[in-house]
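Each chain is listed here by its residues.
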Amino acid sequence: MTGALYDAFARQIRYLRVSITDRCNLRCIYCMPEEGIPLMRHEDILRFEEIRRLVEIAIGLGITRVRLTGGEPLARRGVVELVRMLAALPGLEDLALTTNGTLLAPLAEDLARAGLRRVNISLDTLRPERYRAITRRGELSDALAGIEAAQRAGLDPIKINMVVMRAINDDEVTDLARLSLERGWHVRFIEYMPLGREPALARERFVSMQEVRARLEETLGPLEPAHVEGSGPARTWRLAGAPPMAGTIGFISALSEHFCATCNRLRLSADGRLFPCLFSDVELDVRTPLRRGADDEALRQVFRQAVAAKGPGHQLDRYVTTTSHTMSRIGG
Ligand code: SAM
Ligand code: SF4
């Protein structure tokens, strides 16, 4: 290892989220406008070999876990090959992927064989009509088929992410939580974050994790602390008395509680920028030096600068969203 990445607050950065495309086959209402977003130019997107080199540099700096995301990472052609290239890097302990699941069924087996360890799948509803309305163009049956294929392929644990929105899907939190018991899935509820073009929608639809938790305890009984491999800012719980095979329940609250104190991550966008935080104006261009033939030390320096720019916590109350700050661009 060529040094470790510590930020100014003594947090060691071990986790890199890599967005491999800004494109997506869906248009979730909380993430993208109906017409999509202005897309990155093809030549600006990092090629597989470039991603591999940057991940290798990051591993040399103490990164041990990488998550591929997007946009929709499975919409990028050749993703299985990319997984194979990254999984072969010595020192990488965990390679995971976040997906909407709709393209996963035919790929799950190949991804697992290529070295992918696990997947997080976004699933905001169990009702087909609602799924179509929230994603604007997706089919629930495709996402469910993706989850089943992932399970069959041995991608484990299966984590399900649900963004909770008032009067859109908040009446389903109990149904989703029940799946942790019935299917062994790890179900994580996510607070709606004011990213992208519709911060007003986020304010109107926001449901706090305290409220979700209270609702679950009312309907399903008390929760007790649990642990699940690779859990980040989700606080992890299980239903009291749940059988040992049951999955867990997590709450990811970016807004109502600060999880920044333990943040150990860095983001790399599909066009080769390092973002210290989702809610930060700081971005560091690592693609230009990479393409100009920079040596490893020069690239490590860009990573160090990005980490040095990590603040103590986000200041969302002062943060103004811009169209460029969408999850699909920076990588959720
Ligand atoms: N397309 C993949 C998917 O949907 O899982 C990966 C990228 S997506 C941007 C990653 C995660 O960000 C998803 O779980 C999605 O629900 C979440 N997300 C996107 N916009 C969000 C928002 N405004 N608030 C909270 N979560 C959001
Ligand atoms: Fe696409 Fe994921 Fe954003 Fe939905 S949340 S529009 S699936 S990138």
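The coordinates are above.
Residues numbered from 1 in each chain as written. Chains lettered and ligands numbered in written order. Predicted model: local features only at pLDDT ≥ 70, side-chain atom pairs only at ≥ 80, totals over all residues. Heavy atoms only, no water.

1. Structural notes on the overall build of the chain
On a plain count of helices and strands, the chain comes out with 11 helices and 12 strands. In the chain, which comprises 332 residues, the proportion classed as buried is 57%. Long-range pairs, those at least 24 residues apart, make up 74% of the contacts in the chain with a sequence separation of at least 6. (Helix = DSSP H or I, 4+ residues; strand = E, 2+ residues; numbered from the N terminus. Buried < 20%, exposed > 50% of the residue type's maximum accessible area, 1.4 Å probe, protein only. Contact = heavy atoms within 4.5 Å.)

2. Observations regarding the site of ligand 1
Around ligand 1, 18 residues are found, and the nearest of them are Tyr30, Gly71, Glu72, Ser122 and Met193. Here a nitrogen atom of ligand 1 and a backbone polar atom of Gly71 are 3.0 Å apart. Residue Thr99 places a main-chain N or O atom 3.2 Å away from an oxygen atom belonging to ligand 1. Protein chains bury 95% of the 550 Å² of accessible surface belonging to ligand 1 in isolation. Grouping the constituent residues of the shell around ligand 1 by class yields 7 nonpolar, 9 polar and 2 charged. (Near = heavy atom within 4 Å. Polar contact = N/O pair within 3.5 Å; in protein donor to acceptor, adjacent residues only side chain to side chain. Areas by Shrake-Rupley, 256 points an atom, 1.4 Å probe, with all protein chains shown as cover. Nonpolar A, V, L, I, M, F, W, Y, C, P; charged D, E, K, R; others polar.)

3. So, the layout of surface pockets
To find the voids left in a structure, one rolls a probe of water-molecule size over its atoms. The space that makes up the second largest pocket amounts to roughly 310 Å³. Residue lining of the second largest pocket: Thr21, Arg23, His42, Glu43, Ile45, Leu46, Arg47, Ala75, Arg76, Arg77 and Arg291, and that is the complete set. Residue composition of the lining of the second largest pocket, by class: 3 nonpolar, 2 polar and 6 charged. (1 Å grid on protein atoms, 1.4 Å probe; cavity = no way out; pocket = protein on both sides within 12 Å on 5 of 7 lines; lining within 4 Å. Points joined across faces, edges and corners; volume = space filled by probe spheres on them.)

4. Description of the sheet that holds strand 8 (residues 235-239)
The mixed open sheet is built from 12 strands, whose spatial order is 7-8-9-6-5-4-3-2-1-10-11-12. Two strands close off the open sheet at either side, each with one partner strand: strand 7 (223-225) and strand 12 (284-285). Pairing geometry for strand 4 (residues 118-122) and strand 5 (residues 158-164), over 4 bridges, is parallel. Across the sheet, residue Asn120 finds its bridge partner in strand 5, namely Lys159. Sheet strands touched by helix 6 (residues 173-182): strand 5, strand 6 (186-191), strand 8 and strand 9 (249-252). Its angle to strand 6, the strand with the most contacts, is close to 150°. (Pairing = 2+ DSSP bridges. Axes fitted to C-alpha atoms, helices over the stretch in contact; angles between N-to-C directions.)

5. What to know about helix 2 (residues 79-87)
Three or more residues of helix 2 are buried, namely Val79, Val80, Leu82, Val83, Met85 and Leu86. Residues of helix 2 that are buried in the fold lie against helix 1 (48-60), strand 2 (65-69), strand 3 (94-99) and helix 3 (108-114).

6. Here we look at the site of ligand 2
Around ligand 2 lies a shell formed by Cys24, Leu26, Arg27, Cys28, Tyr30, Cys31, Gly71 and Asn100. Residue composition of the shell around ligand 2, by class: 5 nonpolar, 2 polar and 1 charged.

7. Examining empty space enclosed by the protein
For the structure on display, the rule yields 2 cavities of 30 Å³ or more. In this structure, the second largest cavity encloses a volume near 40 Å³. The wall of the second largest cavity is formed by Leu26, Cys28, Tyr30, Asn100, Ser122, Leu123, Asp124, Tyr131 and Thr135.

8. A closer look at the pattern of salt bridges
By the definition in use, this model includes 34 salt bridges. When the shortest N-O distance is used, the salt bridge between Arg113 and Glu109 registers 3.6 Å. Remark: Glu109 and Arg113 occur in helix 3; sequence separation between them is 4 residues, near one turn of the helix. Exposure remark for Arg113: the relative accessible area of 62% places this residue in the exposed category. Note that Arg166 and Glu211 form a salt bridge whose closest N and O atoms lie 2.8 Å from each other. With Arg166 in the loop between strand 5 and helix 6 and Glu211 in helix 8 (residues 209-220), this pair connects stretches of sequence that are 45 residues apart. Assessed through its relative accessible area of 28%, Glu211 is described here as partly exposed. Each of Arg41, Glu43, Asp44 and Arg287 takes part in a single network of salt bridges with overlapping partners. (Salt bridge = Lys/Arg side-chain N within 4 Å of Asp/Glu carboxyl O.)

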